[in-house]
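Chains, contacts and geometry: an overview
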Amino acid sequence: MALTKLNTYSLADDAITSAKIADNAVVTAAIADDAVTSAKTTVSAPNPNLIINGDMSIAQRGTSSTVSGIKTVDRWNALWSGGGITQSQVALTSGGAYDEGHRHAFKMAVTSTNSGNARYAQMRYIPEAKDIRNFGWQYTSSSSYITVSFWAKSSLAGTYFFSFYGPDSGTPQTYSTSFTLAADTWTKVTKTIPGGSNVVLNDDTGVGFYLDWRIDIGTDYTASDATMNAWHNHVSTKYTTDIAQSWQNTGSATFEVTGVKLEIGQSATTFEKPDYTTELKKCFRYYEKQTFVAGFSICGGATSNNSNGAYFDLYYEEKRANPSFVFPTASVTGNGVVPLTAPGGYPSDSTGALAANYISKIACRIDATSFGGLTGSGGNSWLYWVAENSIEISAEL
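Notes on the structure follow. (Residues numbered from 1 in each chain as written. Predicted model: local features only at pLDDT ≥ 70, side-chain atom pairs only at ≥ 80, totals over all residues. Heavy atoms only, no water.)

Helix and strand counts for the protein chain stand at four helices and 21 strands. Taken across its 397 residues, the protein chain has 44% of its residues classed as buried. A fraction of 76% describes how many contacts in the protein chain between residues 6 or more apart in sequence connect residues 24 or more apart. (Helix = DSSP H or I, 4+ residues; strand = E, 2+ residues; numbered from the N terminus. Buried < 20%, exposed > 50% of the residue type's maximum accessible area, 1.4 Å probe, protein only. Contact = heavy atoms within 4.5 Å.)

In structure tokens, the structure reads:
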């Protein structure tokens, strides 16, 4: 009887298993010289992500706010006009984004409606100009690409928009593109964007692009002939084509985003979950909240007279630019932060003022003024926390 020649096509998919292969059956000598090639062994690594806190896990300021701006999730703006919206960091427990490993999202929810033609509601992220300029993208070449990918969910099915707005060009440049969502369903969106010949990015720490997720926008800013999927000179009445669904005029409407990645190339690679501590340090470049418990003090401050004290404050991380400050109340009775006398007592004036001076990117001097009863002429003093309070330090774009 003739024997059938055995080849790989004769074997069932599960015919050869690791349990059936002897420990020493596959050795270097048994492998042909040309059997293993680089094409067969190359493993594609995920590209670096230009977005900080793209998984929405860090929210130093708090987890909910009814105020427009960066008020919850670090580095992320919630912007709107008219009506009422609550922005928040929310926990994920199910859905496509959760399955990919994301546990938080940035959310906007309508609390009072707005139907005006000048309405807008959007999420915004702003990278520094030097970061995107030196990222490896040939941003003036139409054959060089960046890819943005993200998960999005809305309570309203419809078409939404994502856009770049570049202010560094003599005439600001805009690129807008649409994406479609089913109602209440997490959807992975990927958009690849070429360079534009008129795009300009300065090598500085200012605004690179405004990256906007346009949830709703009134007809004052839209037009049926708005340029889409191409770089063009910005026109303030033609941000996008018209939006069919009226998200901001729908009570309790919601919109959520997470897993945002901006990378070089024409395809989206795996979103690598960032180390929390490393990502938090990146956020500190733009904002930090120094919170101390009751009884904490900054020691070694010297009083210039009987009513003023000066104290050194070192930031957690170097800031993008010289920052601004929000101080707690400078009051004993208001459970704030006050200077102490050399013996460690409260000042005779229970309320004064706190301000930052000699501000740099790494530190400042905190001046406590208008307090009475301090030790004058350079005596020792302490800046004392009567109750738990925070100093907010911001160098946001």
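Considering all chains together, one arrives at 25 aromatic pairs under this definition. When the centroid spacing of 6.3 Å and the interplanar angle of 55° are considered together, the rings of Trp 76 and Phe 106 count as tilted. One end of the pair, Trp 76, is in strand S2 (residues 76-80); the other, Phe 106, is in strand S4 (residues 104-112), and 30 residues separate them in sequence. Residue Trp 76 shares its accessibility class with Phe 106, and that shared class is buried. Seen from their ring centres, Trp 76 and Tyr 125 are 5.2 Å apart, and the 50° between their planes marks the pair as tilted. One end of the pair, Trp 76, is in strand S2; the other, Tyr 125, is in strand S5 (residues 120-125), and 49 residues separate them in sequence. (Phe/Tyr/Trp six-rings, centres within 6.5 Å; stacked < 30°, edge-to-face > 60°.)

This part is about the sheet that holds strand S11 (residues 232-233). The strand order across the open sheet formed by six strands is S2-S5-S10-S7-S8-S11, and the pairing between neighbours is antiparallel. Strand pairing shows two members of the sheet lacking a second neighbour, S2 and S11, which therefore form its edges. With six bridges joining them, S5 and strand S10 (residues 210-217) adopt antiparallel strand pairing. Paired with Met 123 across the strands is Trp 213, a residue of S10. (Pairing = 2+ DSSP bridges.)

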